Amino acid sequence: MTAITDLTFFAQLVKAGNFSRAAQELGNTPAAVSKRLAAIERRLGARLLQRTTRRIGLTPEGEMYLVEGARVLADLEALERAVSGSSEKPAGLLRVAATLGFGRKHIAPALSAFARQFPAVELQLQLSDRPVDLVGQCLDLQIRLGDMPDSNLTARLLAHNRRVLCAAAAYLDAAGTPAHPRELARHACLFIREHDEAFGTWQLQCGGRSEKVKVRGPLAANDGESVVGWALDGHGILMRSLWEVAPLLRSGRLRPVLAQWQLPAADIHAVFPTRSHLPAKTRALADFLLAAFAAHRLDADGGW
């Protein structure tokens, strides 16, 4: 049991990010937390963490211990469920990550409804447009838009979604409407800097044709709503997920640009750090979200 409790302790320590916060969450002192970590490292004969005064970082051995240990704990939990034969009910802390815009507009309301249905689950929602490390940050589930960069993760499609180009009528009336992607080079384009996406390069396809265009413009931000606001003010052409701009297109406040050309998809997935033995609380949320977004997996236009 020492090995199992050590794995649990280490995961809690890494999640906390430093000894002081870990001590608070464990009801202990920083000195006691440091002493226990040192004892684990002596037992294993390996250094697991790099310590500084403000934060901790995983060594290669520590990352292995954390990742493989999470699988061991999940396997043990699944084994106990199978042996006991009891029907596990969703309960406990569930940590969820999502992007700022989509998370605020769609995931937060969905979690509100989920919480009413599963009151024994405690939810923590982390909204950020910075890359997320599911394992390193001890997250249970992430809502991700666009491509899946890590094939080791498990993903379930929540909704189809595509990106579109659009602009306000005031801008298009003054600058003209592009008829071909190459014409974008002479237009003012508005940028959203997210993750590691190529900045200032837009790729479009139409049938068998493909165009990669270097574009530029006066305004850029890491917040989608800010850039949409600039587009509404007539500052230029915007590339954005349809889920955000569909109401503006329907109302006519924004007009589609190069509608016959396709941009890289931004499909929405629920992503998990493990391939098997998901806890009941995680399975329950995944199933809830799949049901909530079911209609949008059938709508080729995104449905937003």
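Reading the values: the criteria
Residues numbered from 1 in each chain as written. Predicted model: local features only at pLDDT ≥ 70, side-chain atom pairs only at ≥ 80, totals over all residues. Heavy atoms only, no water. Helix = DSSP H or I, 4+ residues; strand = E, 2+ residues; numbered from the N terminus. Contact = heavy atoms within 4.5 Å. Expected span 1.5 Å × (residues − 1). Buried < 20%, exposed > 50% of the residue type's maximum accessible area, 1.4 Å probe, protein only. Pairing = 2+ DSSP bridges. 1 Å grid on protein atoms, 1.4 Å probe; cavity = no way out; pocket = protein on both sides within 12 Å on 5 of 7 lines; lining within 4 Å. Points joined across faces, edges and corners; volume = space filled by probe spheres on them. Nonpolar A, V, L, I, M, F, W, Y, C, P; charged D, E, K, R; others polar. Salt bridge = Lys/Arg side-chain N within 4 Å of Asp/Glu carboxyl O. Core = buried A, V, L, I, M, F, W, Y, C linked by side-chain atoms within 4.5 Å. Axes fitted to C-alpha atoms, helices over the stretch in contact; angles between N-to-C directions. Parallel < 35°, antiparallel > 145°, perpendicular 65-115°, else oblique.

## Brief notes about the side chain of Gln142
Assignment of secondary structure puts Gln142 in strand β5 (residues 141–145). Here Gln142 is in contact with Ala97, Val132, Leu134, His269, Ala270 and Val271, once residues within four sequence places are set aside.

## Notes on helix α1 (residues 2–16)
Given a rise of 1.5 Å per residue, 15 residues ought to cover 21 Å, and the 21 Å separating the end C-alpha atoms of α1 matches this to within 8%. Within the sequence span of α1, burial applies to Asp6, Leu7, Phe9, Phe10, Leu13, Val14 and Ala16. Two residues or fewer after α1 comes Gly17, characterised by a positive phi angle close to 95 degrees.

## Re the pairing of strand β4 (residues 121–127)
Each regular strand shows side chains that alternate between the opposite faces of the sheet. The pairing of strand β3 (residues 92–98) with β4 spans 7 bridges and is parallel. Bridge pairing in β4 places Leu94 opposite Leu123.

## Topic: empty space enclosed by the protein
Empty space left among the atoms is revealed by rolling a probe the size of a water molecule over them. One pass over the full model with this rule turns up 1 cavity of 30 Å³ or more. Here the largest cavity is characterised by a volume of approximately 50 Å³. For the largest cavity, the lining is made up of 11 residues, of which Ala98, Thr99, Ser128, Gln142 and Ile143 are closest to its centre. Counting residues per element, the ones that place at least two in the lining of the largest cavity are β3 and β5. A breakdown of the residues in the lining of the largest cavity according to their chemical character gives 5 nonpolar, 4 polar and 2 charged.

## Considerations on the pattern of salt bridges
Counted under the stated rule, the structure contains 9 salt bridges. Across the salt bridge formed by Arg43 and Asp6, the nearest N and O atoms sit 2.9 Å from each other. Of this pair, Arg43 sits in helix α3 (residues 30–44) while Asp6 sits in helix α1; the two residues are 37 residues apart in sequence, bridging distant segments of the chain. Note that Arg104 and Glu225 form a salt bridge whose closest N and O atoms lie 3.4 Å from each other. Within this pair, whereas Arg104 is found in helix α5 (residues 100–117), its partner Glu225 is found in helix α7 (residues 224–232), the two being separated by 121 residues in sequence. What makes Arg104 partly exposed here is its relative accessible area of 41%. Relative accessible area serves as the criterion here: at 46%, Glu225 is assigned to the partly exposed category. Connected via shared salt-bridge partners are Asp6, Arg36 and Arg43.

## As for the nonpolar core
With 27 residues, the main nonpolar core has Phe102, Leu141, Ile143, Leu158, Leu285 and Leu289 as its most contacted residues. Breaking this core down by element, the ones donating at least two residues are β3, α5, β5, β6 (154–159), β14 (268–272) and α9 (280–292). When residues of this core are assigned to their parent elements, the largest contribution, 6 residues, is made by α9.

## A closer look at the packing of helix α2 (residues 19–26) against α3
Here α2 crosses α3 at 100 degrees, and the two axes come no closer than 8 Å. As judged from the angle between their axes, α2 and α3 are roughly perpendicular. Facing α2, whose interface residues are Phe19, Ser20, Ala22, Ala23 and Leu26, α3 presents Pro30, Val33, Ser34 and Leu37. A per-class count over the contact of α2 with α3 returns 7 nonpolar, 2 polar and no charged.

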